[in-house]
Every structure is written in structure tokens, then in C-alpha cells.
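# Working through the structure, step by step
Chain residues, written in single-letter form:
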Amino acid sequence: MIHSFITDLLAHPKVIETHQHMHHSISKHDHLARTARISYKLARVMRADIRICVRAAMIHDIDSRLGTLTTHGRIAAEWAAAQGESDEVCHAIETHMFPFGPKPRTREAWVVSLADKAASITDLTLMVSGMVTGHTWQRRRMLQQSDPHFVALSQRRHQRKHQRRARFAQRKSVQ
Ligand SMILES: [Fe+2]
Ligand SMILES: [Fe+2]
């Protein structure tokens, strides 16, 4: 049922690539999908528009690395607007980090903001319990290999190491 609201989003390359991105030590896709499921349930309880809530939840952290704690909601909302999402969906995305960012003005925006917090608590609980079983480290290692952010980071580290070695070797040859 929930899928019927977001079939197109689930097939979008930008959403698909979140399977490879790390967020709260799990895949960002898992976090987005959890937020969407909680939004679906909350929207029914709070009598909010389910479609708006679930669509906003499924893309609320897209490109979050391009912003900060307080600005990434706006970045994701701008992306959503460029995709043709409604003002209501964009507003719910923009305010999902409240109180770290603008205050939600609609029922739907409150749903997404609360669902994001509930999903994040679950993500972090899984992260901590996974530290005991070892799953968290295993997952982190896998995501660090697939997430372009971490791949670029390790390449830069590698480069710096090589540069340091080259400088050291040069200094030795001069002596
Ligand atoms: Fe966020
Ligand atoms: Fe989030």
C-alpha cells in the first residue's frame, strides 16, 4: 500500500543510489524507508495527507552531505521542487530537522519531522546493538567501500601518504 505512493521515487536513480550511502551507520535508503513507514502510520493517526507525508519522508535526506545539520533540509527540498514535488511535500522536507532549522507549519510537516526522529532513534539503537554483535562494523566497512564520500576520502588519504613518502625519500637523497 505504502509503495503505491512512492513507486516512481523508489525507481529514481537518486533514491536508488542511497542504498550505497552511509547514514547513521546504516544505508541511507534504510533510514529513508523507515522514515516513510513511520510517516505512513503517523499520518493515519494524525489525520494528515498520507501521500504528502510518505513522499516527503522518502526523499527528505537526499544530498544531505551538501548541507549542514540545519541546511540539508532546504537542499533536499530544493531538489524535490526541481523534480516537481508539491509545495507541501517540499515544506515537510525543508522542516524535517526542527528544532535544528525552520518550524513545520503543516500537519504533514510535523508528521515527517517526528517520523524522522523516531526512525533515527531506531537507527541508532540498531547501531549500538550491532556494535556488540559486530554487524555495525561489518556494515560500516561495506558502506565505506560503496559510498562515494568515503571512497574519495580514502583516495585523498592514500594520496597524502604517497606525497609524504615521496618527500621523505627526496629529503634522504639530498642528504
Ligand atoms: Fe535529515
Ligand atoms: Fe533523516
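Keep in mind that what you see is a predicted model, and the values were worked out from it rather than measured. (Residues numbered from 1 in each chain as written. Chains lettered and ligands numbered in written order. Predicted model: local features only at pLDDT ≥ 70, side-chain atom pairs only at ≥ 80, totals over all residues.)

## Quick word on unusual backbone geometry
We count it as follows: Helix and strand assignments follow DSSP, with helices taken as H or I runs no shorter than four residues and strands as E runs no shorter than two, numbered in order from the N terminus. Our exposure labels follow a C-beta count within 10 Å of each residue's own C-beta, placed from the backbone: buried means 20 or more other C-beta atoms, exposed means 12 or fewer, and partly exposed covers the counts in between.
Of the consecutive residues phenylalanine 98 and proline 99, the connecting peptide bond is found in the cis state with omega at 15°. By secondary structure assignment, the location of proline 99 is in the loop between α6 (87–94) and α7 (107–133). If you check the backbone angles, serine 25 has positive phi at about 65° while not being a glycine. Along the chain, serine 25 turns up in the loop between β1 (22–23) and β2 (26–27). For serine 25, a count of 19 C-beta atoms within 10 Å corresponds to the partly exposed category.

## A closer look at helix α9 (residues 148–174)
Note the cut-off: Expected helix span is computed as 1.5 Å times (number of residues minus one).
When the terminal C-alpha atoms of α9 are compared, their 39 Å separation across 27 residues agrees well with the 39 Å that a helix rising 1.5 Å per residue should span. Among the 27 residues that make up α9, zero are buried, leaving the element largely open to the surroundings.

## Looking at α7
Heads up, the condition is: Residues are scored as being in contact if the C-beta atoms we place from backbone atoms lie within 7 Å.
Relative to the 39 Å expected for 27 residues at 1.5 Å per residue, α7 spans 39 Å between its end C-alpha atoms, a close match to the ideal helical length. Looking at the buried side of α7, the elements it contacts are α3 (28–45), α4 (50–59) and α6. Looking one or two residues beyond α7, the residue adopting positive phi is glycine 134, at roughly 100°.

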